[in-house]
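Below are the chains, spelled out letter by letter.
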Amino acid sequence: MKRFVFCPAWAFAFLLASFSLASAVVVEHTFNVEEISLQRLCRPQVITAVNRRVPGPTINVRERDTVVVHVVNKSPYNLTLHWHGILQLGTQWSDGPEYVTQCPIPSGGNYTYQFHITEQEETTPETYKLKVKRGKTYLLRIINAALNEQHFFKIANHSFTVVAVDAAYTRQYHTDVVVLAPGHTVDVLFTANQKIGSYYMAFTPYHSAPGVGINNSTTRGVVVYEGASSSAKPVEPNPPSDPLDTPTAHKFYTNITGLVGGPHWVPVPRKVDEHMFITFGIGLDHCNEVPGVCGLGNSKLSANMNNESFVLPRGRGFSMLEAFYGNISGVYTRNFPNSPPFEFNYTDPSLSTLNPGDPIAFAPKSTKVKTVKFNSTIQIVLQNTAILAAENHPIHIHGFNFHVLAQGFGNYNATRDEPKFNLVNPQIRNTIAVPVGGWAVIRFQANNPGIWLVHCHLETHLPWGLGMAFEVENGPTPSTRVPPPPAYLPKC
């Protein structure tokens, strides 16, 4: 399989700081989204950018600030903006996924996103040259803004101390490599303790599925010590990251723990109201194209969760959140299953060579949600499958952070694996990289009413159907209910 990627240059940065006691303010920006031409990879390319900048603008805010972003769509495409990692507490209409919380902003149209910065701190800057002074310690905040590749991050001859992931504080974890899936953020400390010179930073793909084609390029930046010679060649990471190094990726992902008692720490809820077992992976769909266009036995690639291949409700007149708010039928159904319809050896390697005619590879297309009560506690076993290709899938849940209780390889077994649960200081994330051919268990409290998308953060997988959504019922008070939609909400 090879992934075909459309890569818009919309990347912009959030710089959030919660250590100030300054009064909250309104931070207002205008984003003009349009196509620009630039030279990349030795050839001219037309990309979609914000304010004609690559990367896009930085938004500097503090805890309790209100962010207002006026988006003007000057591109030829319908579009929305999703503010990854912002929980949208009380501002559900600004989450952004098309047809889920809003209809797209049409070409020539505009929409204003407004939300509050609440109990979150994170930043997503991009840098290519980092100037440092020997003996000083620096905070690096790193984001994987790639669409379809996980990555290893190294600085030659230097090590890191991880202090936060996905905007949640962690216990200090010492490592010489950082691993990030698309959508992940990691905050690290590093000390400039080497001899004066220049050292490469390397961002190398982690290739969990060797049979799947990816862009195997290494992106580099340079750490330059004050006083370093400009003519000296930067030092390379040694050894370089092995793109197939699943043990190193798994070690990093599983050794992070939460900072109990730290800012915004949330203890693990002990009483579970809803148990779910969700299988997910790649599959096939029947192809109705012109004969000869489709391969794989006249099939095309698809994806699913619990044998339901998610379809965005295009052409149904309303977004899912509008349907929720207005109790409108015909947009989605409330019957997403708690478990797969049949059991099998989910991680059997022979599934990668499945016969295209095997019905296990096919899942019906649907727009189904799982309805849960406000403030209920949900525990999910996320079980990777090996159908067509076993791969590490980063699963992102909109609207919530969650505790990662355990991760492992093979098929999840409650008798064997529940004793491994970390209920004391688990890491808190909004995106979990579920191990290749393995599983992860997460738990969260559904304290944010509305419709919240759950999907693989590999960009090609959501259009194939690797997603679902939670419908969280309204709570008992005005502040725990979805507010009315803004008058300027785009129409479908």
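Residues numbered from 1 in each chain as written. Predicted model: local features only at pLDDT ≥ 70, side-chain atom pairs only at ≥ 80, totals over all residues. Heavy atoms only, no water.

Moving on, we come to the packing of aromatic side chains. Scanning the entire structure with this criterion turns up 20 aromatic pairs. A ring pair is formed by Phe277 and Tyr346, whose centres lie 5.8 Å apart and whose planes are at 40 degrees; its orientation type is tilted. Note that Phe277 is positioned in strand E16 (residues 274–286) and Tyr346 in the loop between helix H2 (320–326) and strand E19 (365–366), a separation of 69 residues in sequence. Accessibility assignment for this pair places Phe277 and Tyr346 in one class, buried. Three or more aromatic residues joined by ring pairs form one cluster here, namely Phe31, Trp83, Tyr111, Tyr113, Phe115 and Tyr488. (Phe/Tyr/Trp six-rings, centres within 6.5 Å; stacked < 30°, edge-to-face > 60°. Helix = DSSP H or I, 4+ residues; strand = E, 2+ residues; numbered from the N terminus. Buried < 20%, exposed > 50% of the residue type's maximum accessible area, 1.4 Å probe, protein only.)

Strand order in this open sheet of 6 strands is E17-E16-E21-E26-E23-E24, and the pairing throughout is mixed. The open sheet has two free edges, formed respectively by strand E17 (299–305) and strand E24 (428–429), since each of these has just one partner strand. Across the sheet, helix H1 (residues 246–255) lies against strand E23 (402–409) and E24, angled at about 150 degrees from E23, the strand it touches most. (Pairing = 2+ DSSP bridges. Contact = heavy atoms within 4.5 Å. Axes fitted to C-alpha atoms, helices over the stretch in contact; angles between N-to-C directions.)

This next bit is on unusual backbone geometry. The backbone phi angle of Asn51 is positive, close to 55 degrees, even though this residue is not glycine. With respect to the helices and strands, Asn51 occurs in the loop between strand E3 (43–50) and strand E4 (58–62). With a relative accessible area of 26%, Asn51 lands in the partly exposed category.

Tallied over the full model, the rule gives 12 salt bridges. Salt-bridge contacts for Arg429 lead to Asp166; the nearest nitrogen and oxygen are separated by 3.5 Å. Of this pair, Arg429 sits in strand E24 while Asp166 sits in the loop between strand E10 (160–165) and strand E11 (168–175), placing them 263 residues apart in sequence. Between Arg220 and Glu236 there is a salt bridge, with the nearest N and O atoms lying 3.1 Å from each other. Separated by 16 residues along the polypeptide, Arg220 in strand E15 (residues 219–225) and Glu236 in the loop between E15 and H1 bring together distant segments of the chain. (Salt bridge = Lys/Arg side-chain N within 4 Å of Asp/Glu carboxyl O.)

Overall, the coordinates contain 5 cavities of 30 Å³ or more when judged by the stated rule. Roughly 120 Å³ of volume is contained in the largest cavity. Every residue lining the largest cavity is counted, 14 residues in all, and those nearest its centre are Thr279, Asn304, Asn307, Phe344 and Ile387. Ranked by residue count, the leading element in the lining of the largest cavity is E16, at 4 residues. In this structure, the second largest cavity occupies an estimated 70 Å³ of space. Contributing to the lining of the second largest cavity are 12 residues, with Asn148, Gln150, Tyr206, Ser208 and Glu391 lying nearest its centre. Residues belonging to the lining of the second largest cavity are distributed by class as follows: 4 nonpolar, 5 polar and 3 charged. (1 Å grid on protein atoms, 1.4 Å probe; cavity = no way out; pocket = protein on both sides within 12 Å on 5 of 7 lines; lining within 4 Å. Points joined across faces, edges and corners; volume = space filled by probe spheres on them. Nonpolar A, V, L, I, M, F, W, Y, C, P; charged D, E, K, R; others polar.)

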